[in-house]
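Residue-level structure breakdown
Next come the chains, spelled out residue by residue.
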Amino acid sequence: RQFDILHHAAGIADSEWNWNVPVDLIRRIKVKVPPPTALRRVTQDELQQFFDACRTYTRNTMIAPVVRFALETALRKQELVDLQWEWVDFERGFIHANKTKTGYVRRIPMSPVARELLKLLSQRATVTAGGKPTGSVFGMTNRAITLSFKRIKKRAGTEFRFHDLRHEAISRFFEMEMSPIEVASISGHRTLKQLMRYSHADTERLIAKMQEKLS
């Protein structure tokens, strides 16, 4: 990544600033890219420990719904922060992620758990004159989520990161036998190469599926 920055800077200096930069020489340099590290799965035991700690060690009633919702939707932390009630379509069962990291709008189907969470949260939300919830869904800043998550994680004795929830959600989508295109439409990945890093299906389920097919 550091070399990519250097390469881009050299290109800008040559094409836009007319600096005498050896761009061709830089282009010929080959950088060995290390293979991606395995992405860890979040276990059910870890999640249970975390949610138990939420009930015991914090008065912040929103952090548990945020974590559960991240597991159901694969939304990034900032996307959860930016999520507005106006983007939730209960009738058609979709969440419109209109402000995303990539800039591409996504339409995310609600799972039964996600729908139930939103129904409960809507009862606490500010409502319009027409009785519809309005404003931020979770009402937490990025920093507030980070600090609360770290504090509860320490109490719970768990090691997973917040971004691991996105990895876990995407892996679960694959285990539901969704196609890569279907998963990408939810996760927002623009290339198959990016997406397949996250598809770490549970080995035990794969073995069971193989045995079922071969028996």
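Please refer to the structure higher up on the page.
These notes cover the structure that comes with them. (Residues numbered from 1 in each chain as written. Predicted model: local features only at pLDDT ≥ 70, side-chain atom pairs only at ≥ 80, totals over all residues. Heavy atoms only, no water.)

Some thoughts on the pairing of strand β3 (residues 106–109)
Applicable threshold: With a 1.4 Å probe rolled over the protein chains alone, any residue whose accessible area is under 20% of its type maximum counts as buried; one over 50% counts as exposed, and the rest are partly exposed. In DSSP terms, a helix is any run of H or I states spanning at least four residues, a strand is any run of E spanning at least two, and both are numbered starting from the N terminus. By this definition, two strands are paired if DSSP reports at least two bridges between them.
Residues Arg106 and Ile108 of β3 are buried on one face, while the alternating residues Arg107 and Pro109, pointing to the opposite face, are not. By the bridge criterion, four bridges tie strand β2 (residues 94–97) to β3 in an arrangement that is antiparallel. Within β3, the position partnered with phenylalanine 94 by the bridge is proline 109.

Concerning the pattern of salt bridges
Put simply, the test is: What counts as a salt bridge is simple: a side-chain nitrogen of Lys or Arg found within 4 Å of a carboxyl oxygen of Asp or Glu.
Under the counting rule described, the total for this entry stands at nine salt bridges. When the shortest N-O distance is used, the salt bridge between arginine 41 and glutamate 175 registers 2.9 Å. Linking arginine 41 in the loop between α2 (23–28) and α3 (44–57) with glutamate 175 in helix α8 (residues 162–175), this pair joins segments that are 134 residues apart in sequence. Overall, the relative accessible area of 24% leaves arginine 41 in the partly exposed class. Taking relative accessible area as the criterion, glutamate 175 reaches 18% and is therefore assigned buried.

A look at the nonpolar core
Note the cut-off: Residues enter a nonpolar core if they are buried and are Ala, Val, Leu, Ile, Met, Phe, Trp, Tyr or Cys, with the set joined through side-chain atoms within 4.5 Å. Note on contacts: a residue pair is in contact if any heavy atoms of the two residues lie within 4.5 Å.
Counting 49 residues, the largest nonpolar core has Phe50, Phe69, Phe138 and Phe162 as its most contacted members. Only α3, α4 (63–73), α5 (77–82), β2, α6 (112–122), α7 (142–156), α8 and α9 (180–187) provide two or more residues apiece to this core. It is α4 that contributes the most residues to this core, seven residues altogether. Aside from chain neighbours lying at most four places away, what touches phenylalanine 50 is Ile63, Val67, Phe149, Ile152, Lys153, Ala156, Thr158 and Phe160.

Focus: the side chain of glutamate 168
Just so we agree on the cut-off: The definition of a polar contact used here is a pair of N or O atoms within 3.5 Å, where within protein one atom must be able to donate a hydrogen and the other to accept one, and adjacent residues in sequence count solely through side-chain atom pairs.
Here glutamate 168 lies in helix α8. A distance of 2.9 Å separates a polar atom in the side chain of glutamate 168 from a polar atom in the side chain of arginine 172. Setting aside chain neighbours within four positions, we find glutamate 168 in contact with Arg41, Val42 and Leu71.

Considerations on the sheet that holds β3
Strand order in the open sheet formed by three strands is β1-β2-β3, with antiparallel pairing between adjacent strands. Pairing within the sheet leaves two strands with one partner each, and these edge strands are β1 (88–89) and β3. In this structure, β1 lies alongside β2, joined through two bridges in antiparallel fashion. Each residue of the ladder has a partner; that of valine 88, found in β2, is isoleucine 95.

Regarding α6
The line we're drawing: The arc refers to the directions leading from the helix axis to the C-beta atoms.
Within α6, burial applies to Ala114, Leu117, Leu118, Leu121 and Ser122. Angular distribution of buried residues about the axis of α6 spans 130 degrees; they occupy a single face of the element. As for α6, its buried residues are in contact with α4, β1 and β2.

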